[in-house]
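Fold and contact review
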Amino acid sequence: MSISLASLQGFVLRSRRPLVVAIHMVLIVAANFMAFWLRFDGVIDAEHMQLFLETLPWLIFIRGLTFIPFRLYEGLWRYTGIWDLRSIIFGVVISSMIFATVMRWGFGLVAYPRSIFILDAILLIVLMGGVRLFRRLFLGLIARSPTKRLLIYGAGDAGELIARDITNNSQRYDCRLVGFVDDDENKIGQRIHGVKVLGSRKDIADIVTAAKPDEILIAISGSGGALLRDLVRALESFKIPIKTLPNLNGHGNGTLTLSQMRDVSFEDLLDRASVGLELEIVRQWITGKRVLVTGAGGSIGSELCRQIAHYGPEMLVMLEKSENALYAIDMELCRTTPALIRMPVLGDVKHLSTLQDLFSRFHPQIVFHAAAYKHVPMMEHYPKEAVLNNITGTYRLTQVALEYKVERFILISTDKAVNPTNVMGATKRVGEMYLQALAREGRQGGTIFSAVRFGNVLGSNGSVVPLFLQQIQQGGPVTITHPEVARYFMTIPEAVQLVLRAATLATGGEIFVLEMGEQIKVVNMARQLIRICGYVPEKDIPISFIGLRPGEKLTEELVGPDETKESSPTDKIFVVRSAGLPPLGLIVDRILKLERAAIEDKLEKLLHILGELVPTFRPVDAQLGEGFELGDVAKKPVAAARAAIRRA
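What you see is a predicted model, and the numbers here were worked out from it, not measured in a lab.

What follows is about the overall build of the protein. Of regular secondary structure, the protein possesses 21 helices and 22 strands. Within the protein, buried positions represent 52% of all 648 residues. Of the contacts made within the protein by residues no fewer than 6 positions apart, 78% connect residues no fewer than 24 positions apart. In the form shown here, the protein has an accessible surface area of approximately 30,100 Å², with 57% of it arising from carbon and sulfur atoms.

The subject of this paragraph is the packing of helix 14 (residues 383-403) against helix 19 (residues 584-599). Contact geometry of helix 14 with helix 19 gives a least axis separation of 9 Å together with a crossing angle of 140 degrees. Taken together, helix 14 and helix 19 sit at an angle that is classed as oblique. Our pair here, helix 14 against helix 19, has a crossing hand that is left-handed. Where helix 14 abuts helix 19, its residues Lys384, Val387, Leu388, Ile391, Thr392, Tyr395 and Arg396 lie against Val588, Ile591, Leu592, Leu594, Glu595, Ala598 and Ile599.

Before going further, it helps to spend a moment on the pairing of strand 11 (residues 366-369). Side-chain alternation along strand 11 places Ile366 and Phe368 on one buried face and Val367 and His369 on a second face that is also buried. Both strand 8 (residues 290-294) and strand 11 contribute to a ladder of four bridges, which runs parallel. The partner of Leu292 across the bridge, within strand 11, is Val367. Pairing between strand 11 and strand 12 (residues 408-414): four bridges, direction parallel. Looking at strand 12, one finds that His369 is bridged to Leu411.

Bringing the packing of aromatic side chains into the picture now. Using the criterion set out here, one finds 12 aromatic pairs in the structure. Between Phe36 and Phe40, the ring centres sit 6.5 Å apart and the planes meet at 25 degrees, which makes this aromatic pair stacked. Here the two residues Phe36 and Phe40 agree in accessibility, since each one is buried. Residues Phe36 and Tyr112 carry aromatic rings whose centres are separated by 5.7 Å and whose planes lie at 80 degrees to one another, so their mutual orientation is edge-to-face.

It is worth spelling out the sheet that holds strand 13 (residues 448-454) at this point. With respect to topology, nine strands assemble into an open sheet ordered 10-9-8-11-12-13-18-22-21, the strand pairing being mixed. Every other strand in the sheet has two partners, leaving strand 10 (342-346) and strand 21 (563-567) as the edge strands with one partner each. Averaged over all pairs of adjacent strands, the angle between strand axes in this sheet comes to 20 degrees, irrespective of strand direction. In terms of strand pairing, strand 13 meets strand 18 (residues 511-514) through three bridges, oriented parallel.

Another aspect to go through is the nonpolar core. Within the largest apolar cluster, 55 residues are counted, with the highest numbers of intra-cluster contacts made by Phe359, Tyr434 and Leu610. When sequence neighbours within four positions are dropped, the list of residues in contact with Phe359 reads Leu292, Pro364, Val367, Leu397, Val400, Ala401, Tyr404 and Val406. The next biggest cluster of nonpolar side chains, apart from the first, holds 45 residues, and it includes Cys305, Ile329, Val496 and Leu505.

Within helix 10 (residues 299-309), 10 of the 11 residues are buried, which leaves the element mostly enclosed by the surrounding structure. When we look at burial in helix 10, the residues that qualify are Ser299, Ile300, Gly301, Ser302, Glu303, Leu304, Cys305, Gln307, Ile308 and Ala309.

Moving on, we get to the packing of helix 3 (residues 46-66) against helix 4 (residues 82-106). Where helix 3 contacts helix 4, the two axes come as close as 9 Å, and the packing angle between them is 140 degrees. Taken together, the axis directions place helix 3 and helix 4 in an arrangement best described as oblique. Helix 4 is crossed by helix 3, and the crossing has right-handed handedness. Seen from helix 3, the contacting residues are Thr55, Trp58, Leu59, Ile62, Arg63 and Thr66; seen from helix 4, they are Gly91, Val92, Ile94, Ser95, Ser96, Ile98, Phe99, Val102 and Met103. Taken together, the residues of the contact of helix 3 with helix 4 sort by class into nine nonpolar, five polar and one charged.

Looking now at the pattern of salt bridges. Counted under the stated rule, the structure contains 26 salt bridges. The shortest N-O distance in the salt bridge between Glu407 and Lys289 comes to 3.1 Å. In this pair, Glu407 sits in the loop between helix 14 and strand 12 while Lys289 sits in the loop between helix 9 (280-286) and strand 8, placing the two residues 118 residues apart along the sequence. Taking relative accessible area as the criterion, Glu407 reaches 31% and is therefore assigned partly exposed. Put simply, Arg429 and Glu432 hold a salt bridge, and the shortest N to O gap is 2.9 Å. Taken together, the residues Arg429 and Glu432, both in helix 15 (residues 423-440) and three residues apart, mark about one turn of the helix. Exposure class is identical for Arg429 and Glu432. Each is buried. Look at the salt bridges and you will find they share partners, linking Asp589, Arg590, Lys593 and Glu612 into a network.

What follows concerns the pairing of strand 22 (residues 573-578). Two strands pair when backbone bridges link them, and strand 18 and strand 22 are joined in this way by four bridges, in the antiparallel orientation. Bridge assignment links Leu514 to a residue of strand 22, and that residue is Ile573. One ladder, built from five bridges, connects strand 21 with strand 22; its direction is antiparallel. Paired with Glu563 across the bridge in strand 22 is Ser578. Between strand 21 and the antiparallel strand that follows it, strand 22, lie five residues; Lys572 among them carries a positive phi value of about 75 degrees.

What follows covers helix 11 (residues 323-336). Between the first and last C-alpha of helix 11 there are 20 Å, a value that for 14 residues agrees with the 20 Å anticipated at 1.5 Å per step. Turning to helix 11, its buried residues number three or more, namely Ala325, Leu326, Ile329, Asp330, Glu332 and Leu333. Axial view of helix 11: buried residues confined to an arc of 160 degrees, hence all on one face. Structural note: helix 11 exposes Glu323, Asn324, Tyr327 and Arg335 on the side pointing more than 90 degrees away from its buried face.

With respect to the secondary-structure elements, Ser463 resides in the loop between strand 14 (456-458) and helix 16 (464-473). A relative accessible area of 14% places Ser463 in the buried class. With 88 residues separating them in the primary sequence, Ser463 and His375 have C-alpha atoms 8.8 Å apart. With residues near it in sequence (within four places) discarded, Ser463 still touches Val457 and Leu458.

The next thing to look at is the confidence of the model for the protein. The predicted coordinates of low-pLDDT regions are not to be read in fine detail. Averaged over all residues, the pLDDT of the protein is 81; the fraction at 70 or higher stands at 83%. Counted against residues more than four places away or in other chains, residues 249-253, with its pLDDT under 50, gives six contacts. Considering only residues more than four positions removed or in separate chains, one finds that residues 621-636, a stretch of pLDDT under 50, has 29 contacts.

Analysis parameters
- Residues numbered from 1 in each chain as written.
- Predicted model: local features only at pLDDT ≥ 70, side-chain atom pairs only at ≥ 80, totals over all residues.
- Heavy atoms only, no water.
- Helix = DSSP H or I, 4+ residues; strand = E, 2+ residues; numbered from the N terminus.
- Buried < 20%, exposed > 50% of the residue type's maximum accessible area, 1.4 Å probe, protein only.
- Contact = heavy atoms within 4.5 Å.
- Areas by Shrake-Rupley, 256 points an atom, 1.4 Å probe, with all protein chains shown as cover.
- Axes fitted to C-alpha atoms, helices over the stretch in contact; angles between N-to-C directions.
- Parallel < 35°, antiparallel > 145°, perpendicular 65-115°, else oblique.
- Left-handed = near helix turned anticlockwise from the far one by under 90°.
- Pairing = 2+ DSSP bridges.
- Phe/Tyr/Trp six-rings, centres within 6.5 Å; stacked < 30°, edge-to-face > 60°.
- Core = buried A, V, L, I, M, F, W, Y, C linked by side-chain atoms within 4.5 Å.
- Nonpolar A, V, L, I, M, F, W, Y, C, P; charged D, E, K, R; others polar.
- Salt bridge = Lys/Arg side-chain N within 4 Å of Asp/Glu carboxyl O.
- Expected span 1.5 Å × (residues − 1).
- Arc of directions from axis to C-beta.
- pLDDT = per-residue confidence, 0-100.

Written out as structure tokens, the structure is:
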């Protein structure tokens, strides 16, 4: 009767512990017999054979008990390593010492050859280690040849852990390690787990040509954007995906595995290190407070909700006009922070009745105002919607916050509010000016009003990186408005940390900005994204320039000509203060006139008032790009309004 392989494997798994104990008993007997055999040159006389047989049960008993505290019956042999060898040596040596003591001083067997104690211990260590390694050697011989070739940049601790994981789990990973690259000259030519360190960074192009890897893994603790950018440039002509590992600094305990490998993201390539801010003070400030986040379903608003939820507020009120977005963040927080008291409110900041009802029911103490229309080309074609949402909504929310004596009100602004050439930026600048005027004239009624201004947020809804990635997946082309266009970039968590930390620093009337390094050319970003996706720019994925879109600038600014930048108590956060602001009464008057013009659909008047209120606002025309198309009916009113402004 034949027994299937699956049945045999099942039996072995069920009987593993007894089998392991039995194997160790056999090895104990074999090692002791071989020690006698070697001691007497292969001819054991009757007297010593009798000694062997009489003492063997004691040897088995002593070793069997001694091996238990060293857990020699429990380890998974396919993961055998230096720790297992250490346990084997200690277990064998200690049991040999106990056995020798019992034989010579317990039973008085002085005739027991001392050399056998040593030979027996050495042979047993070799046998026990060999049995454990045999499984790995056998599986390595029968395993199918891996098809994927991997080159690791970094021959340090992280690289060694990955190499060990690949060696120990050859059946799980269809992967073969073909070499290491490391900038330490002392490591070049050495081997790690049998794999050679082939050269340094300057040799990487030649190494890739010779080794022909299918993937390159960057395994260096604390590898910064500069290193990653250098590698991306050096490998630009090779169609090879580049991978990395997350949080390498936290994996010094041997838990790093190849399964944690991920694609390099554009955040990894930033020209500056991601800014981490001390947020314990934020916890002290938010814990026990009722917090309102408007635009709670958006990229910034939802991340604000996530981070605030972990600081223990008394209540988190989430205002959002998109039903799906509000449902998504509410369900997420229900899953991640079930103890949080959260109040999802479906409504619009433009509706005064909604705001009055919300504040009367929940009495929020802190307000983060993230609700805004932000897409520049879209708002160029719908300026009245930008005015009603970004200006009227902010004004009404501010008035209700004053009425209910909110402690702090933080407006989420943008670098596009500086010297704006588009409607979206101009509307955000009006919001900044209004808050600053309130604080300057002491009309805030005890409420601290401040704004936070930052650049483009990587990965946010409608941002350039998801668009580029989608175009790359579709085979291109990647569309860029202009070869010289450049932007400031930051990550979503980083932007929200700035908002939270700035809120604790606010005293009223400030605009907080983050030190974000140099602006990044969008064409360079596109090339790097194409490269880290495993393609060659221009060859596999073309890049197309489509012309500046309506209202778009080549470069952005964080500080205007009429503003001054000051340091703050927190490193990398600066305070911007404006000079020459119009009186508060004038700003309010213009806000009300803007609302009326928007409702009455008087675009020429609307743009004129915006230009009057924000002197640096200069509407510009630009060729409409392929990335955004509108019908002639939508285009003509805006074009006519612009023409009228120019004639005036």
